[in-house]
Amino acid sequence: MNIFNNKPHLIFWLSVPLTILIGILSGTETMDVNVHDTYFVFTKYHLSILISTLFGIIGFGYWIMKKANRKLSKWLNWIHITLTFGSLLIMLGIPFISFESKKSEFPLYDDLTTQNLILTLIFLTIIFGQLFYIINIIIGIFRKNKTSG
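Residues numbered from 1 in each chain as written. Predicted model: local features only at pLDDT ≥ 70, side-chain atom pairs only at ≥ 80, totals over all residues. Heavy atoms only, no water.

Novice: A description of the environment of Leu25 should follow, citing residues and the corresponding values.
Specialist: Tracing the chain through its elements places Leu25 in helix α2 (residues 8–26). The class of Leu25 is exposed, set by a relative accessible area of 67%. Between the C-alpha atoms of Leu25 and Tyr45, which are 20 residues apart in sequence, the distance is 8.3 Å. (Helix = DSSP H or I, 4+ residues; strand = E, 2+ residues; numbered from the N terminus. Buried < 20%, exposed > 50% of the residue type's maximum accessible area, 1.4 Å probe, protein only.)

Next comes the structure, spelled out in structure tokens:
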């Protein structure tokens, strides 16, 4: 996949309209996140706008590095893109997995705790993937030779 190495900005920029389309199609569906005794409630449309804005900024960073004729590490590109998109795809699939007990109509506390734990770990994986992006940009700025590695 040459696009991962030479034009990673296109991957992020092409995902922006797709993310916004998913947000528009989800309508006014809400998503709530429980952190201890606080619930954060937001619409999936607003979440898609936030994600697409972040993807646009990440793509802009990759594009600036390309226009500045700086070569980025292909391994760090792969790790960043894989962790970002792979984790997002897994996170989108989590609500379709049933953690509920078959004995009861209502989900048990442990089932919701398990689902929240998995979503938290995936979110932390996405944040961890962004560290590879920052490291890659910094290495690209200060690298003396302009070869990828």
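Novice: Can you break down the pairing of strand β1 (residues 30–35) residue by residue, with the values?
Specialist: Pairing analysis gives six bridges linking β1 to strand β2 (residues 38–43), with the strands arranged antiparallel. Bridge pairing in β2 links Thr30 to Thr43. The turn joining β1 and β2, which pair antiparallel and follow one another in sequence, is formed by two residues; a positive phi near 55 degrees is taken by His36. (Pairing = 2+ DSSP bridges.)

Novice: Report on the nonpolar core, specifying residues and quantitative values.
Specialist: Core analysis: the largest hydrophobic core is formed by 16 residues, its most contacted members being Phe12, Phe55, Ile58, Tyr62, Leu72, Tyr133 and Ile137. Those elements giving two or more residues to this core turn out to be α2, α3 (44–67), α4 (74–93) and α5 (109–142). Every residue in contact with Tyr133, bar those within four places of it in the chain, is listed here: Ile57, Ile58, Gly61, Tyr62 and His80. (Core = buried A, V, L, I, M, F, W, Y, C linked by side-chain atoms within 4.5 Å. Contact = heavy atoms within 4.5 Å.)

Novice: Describe unusual backbone geometry, listing the residues and the values that go with them.
Specialist: With a phi angle near 60 degrees, Asn69 is a residue other than glycine that sits in the positive phi range. Along the chain, Asn69 turns up in the loop between α3 and α4.

Novice: Account for a nonpolar patch on the surface, naming residues and giving values.
Specialist: On the surface, a cluster of nonpolar side chains totalling about 760 Å² of accessible area is made up of Phe128, Leu131, Ile134, Ile135, Ile138, Ile139, Ile141 and Phe142. For Ile141, a relative accessible area of 40% translates into the label partly exposed. (Patch = residues over 30% accessible without salt bridge, like charges linked within 9 Å, V, L, I, M, F, W, Y side chains within 5 Å. Areas by Shrake-Rupley, 256 points an atom, 1.4 Å probe, with all protein chains shown as cover. Salt bridge = Lys/Arg side-chain N within 4 Å of Asp/Glu carboxyl O.)

Novice: Please give an account of the packing of α2 against α4 that cites residues and values.
Specialist: Remark: α2 packs on α4, axes separated minimally by 11 Å, with the N-to-C direction vectors making an angle of 15 degrees. Looking at the two axes, α2 sits roughly parallel to α4. Considering how the two elements wind past one another, α2 and α4 form a crossing that is left-handed. Across the interface between the two elements, Pro8, Ile11, Phe12 and Ser15 from α2 touch Asn77, His80, Ile81, Thr84 and Phe85 from α4. Taken together, the residues that form the contact of α2 with α4 break down as five nonpolar, four polar and no charged. (Axes fitted to C-alpha atoms, helices over the stretch in contact; angles between N-to-C directions. Parallel < 35°, antiparallel > 145°, perpendicular 65-115°, else oblique. Left-handed = near helix turned anticlockwise from the far one by under 90°. Nonpolar A, V, L, I, M, F, W, Y, C, P; charged D, E, K, R; others polar.)

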